[in-house]
Amino acid sequence: DIAIIFWFLEEYEKALEVIHWAPSTKSTEWLKAEILMAARHFIAALEHINQLEVKYVDDPETTFAASYARAQCLFALGQQSSALEIMKSIVRVRPNYRSANALIQEWTEGGSWE
């Protein structure tokens, strides 16, 4: 709970410190990924996302969540074309994935991406 408070206050480094004390659950591990991205620790976030993808391979939502987060990290790291391809692949499978569609629109400045 304290990590979430720091996250909302945009105190990402403090949130990262606190999240290490939380019990390791699926929720806290995904929260850590979100905090790493918010803190702009994109390489660490990518590594953490890869670990989560392997750890939770049996959960079909993991693939989408990992792909979505990975694309955001890659975009922030300047790999826009790779990030856009990942988002496009998500939308091909789930056309109603609004967050992915919104990012595609933002990243293409509202242009056509198909």
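Everything below is about the structure printed above this text.
Residues numbered from 1 in each chain as written. Predicted model: local features only at pLDDT ≥ 70, side-chain atom pairs only at ≥ 80, totals over all residues. Heavy atoms only, no water.

Brief notes about the overall build of the chain
- Of regular secondary structure, the chain possesses 7 helices and 0 strands.
- The C-alpha extent of the chain, read off along each of the three principal axes, is 45 × 30 × 20 Å.
- Put simply, the chain has 114 residues, and 37% of those count as buried.
- Long-range pairs, those at least 24 residues apart, make up 40% of the contacts in the chain with a sequence separation of at least 6.
- If the 10 positive side-chain charges of the chain are averaged to one point and the 16 negative ones to another, these points end up 4 Å apart. (Helix = DSSP H or I, 4+ residues; strand = E, 2+ residues; numbered from the N terminus. Buried < 20%, exposed > 50% of the residue type's maximum accessible area, 1.4 Å probe, protein only. Contact = heavy atoms within 4.5 Å. Lys, Arg positive; Asp, Glu negative; His and termini not counted. Charge placed at Lys NZ, Arg CZ, Asp CG, Glu CD.)

What to know about the nonpolar core
- Ranked by size, the top nonpolar core spans 34 residues in total, and within it Ile49, Cys73, Met87, Ile90 and Trp107 carry the most contacts.
- At the level of secondary structure, the elements contributing two or more residues to this core comprise helix 2 (12-19), helix 3 (26-38), helix 4 (42-55), helix 5 (60-76), helix 6 (80-93) and helix 7 (98-107).
- Here this core takes 7 residues from helix 5, the largest share from any one element. (Core = buried A, V, L, I, M, F, W, Y, C linked by side-chain atoms within 4.5 Å.)

Some details on the side chain of Thr62
- Relative to the helices and strands, Thr62 resides in helix 5.
- Within the local environment of Thr62, its side chain forms a polar contact with the backbone oxygen of Tyr56, the two atoms lying 3.1 Å apart.
- When sequence neighbours within four positions are dropped, the list of residues in contact with Thr62 reads Trp30, Leu52, Glu53 and Tyr56. (Polar contact = N/O pair within 3.5 Å; in protein donor to acceptor, adjacent residues only side chain to side chain.)

Some remarks on helix 6
- The terminal C-alpha atoms of helix 6 lie 20 Å apart, and with 14 residues this matches the ideal 20 Å at 1.5 Å per residue to within 8%.
- Along helix 6, the residues that are buried comprise Ala83, Leu84, Ile86, Met87, Lys88, Ile90 and Val91.
- At its buried positions, helix 6 is contacted by helix 5 and helix 7. (Expected span 1.5 Å × (residues − 1).)

Let's talk about the packing of aromatic side chains
- Tallied over the full model, the rule gives 3 aromatic pairs.
- An angle of 25 degrees between the planes, with centres 5.6 Å apart, marks the rings of Trp7 and Phe8 as stacked.
- Overall, the relative accessible area of 25% leaves Trp7 in the partly exposed class.
- Judged by centre distance (5.6 Å) and plane angle (15 degrees), the rings of Tyr68 and Tyr97 are stacked. Residue Tyr68 is found in helix 5, and its partner Tyr97 is found in the loop between helix 6 and helix 7; the two are separated by 29 residues along the sequence.
- The ring of Tyr56 has Lys26 sitting right over it, with the charged end atom 5.4 Å from the ring centre.
- The ring of Phe64 carries the charged tip of Arg94 above its face, separated from the ring centre by 3.8 Å. (Phe/Tyr/Trp six-rings, centres within 6.5 Å; stacked < 30°, edge-to-face > 60°. Lys NZ or Arg CZ within 6 Å of the ring centre and 35° of its normal.)

Quick look at unusual backbone geometry
- Although it is not a glycine, Glu10 adopts a positive phi angle of roughly 60 degrees.
- Here Glu10 is to be found in the loop between helix 1 (2-8) and helix 2.
- Of the residues examined, Glu10 reaches a relative accessible area of 57% and is grouped as exposed.
- Its identity is not glycine, yet Arg40 carries a phi of approximately 65 degrees, on the positive side.

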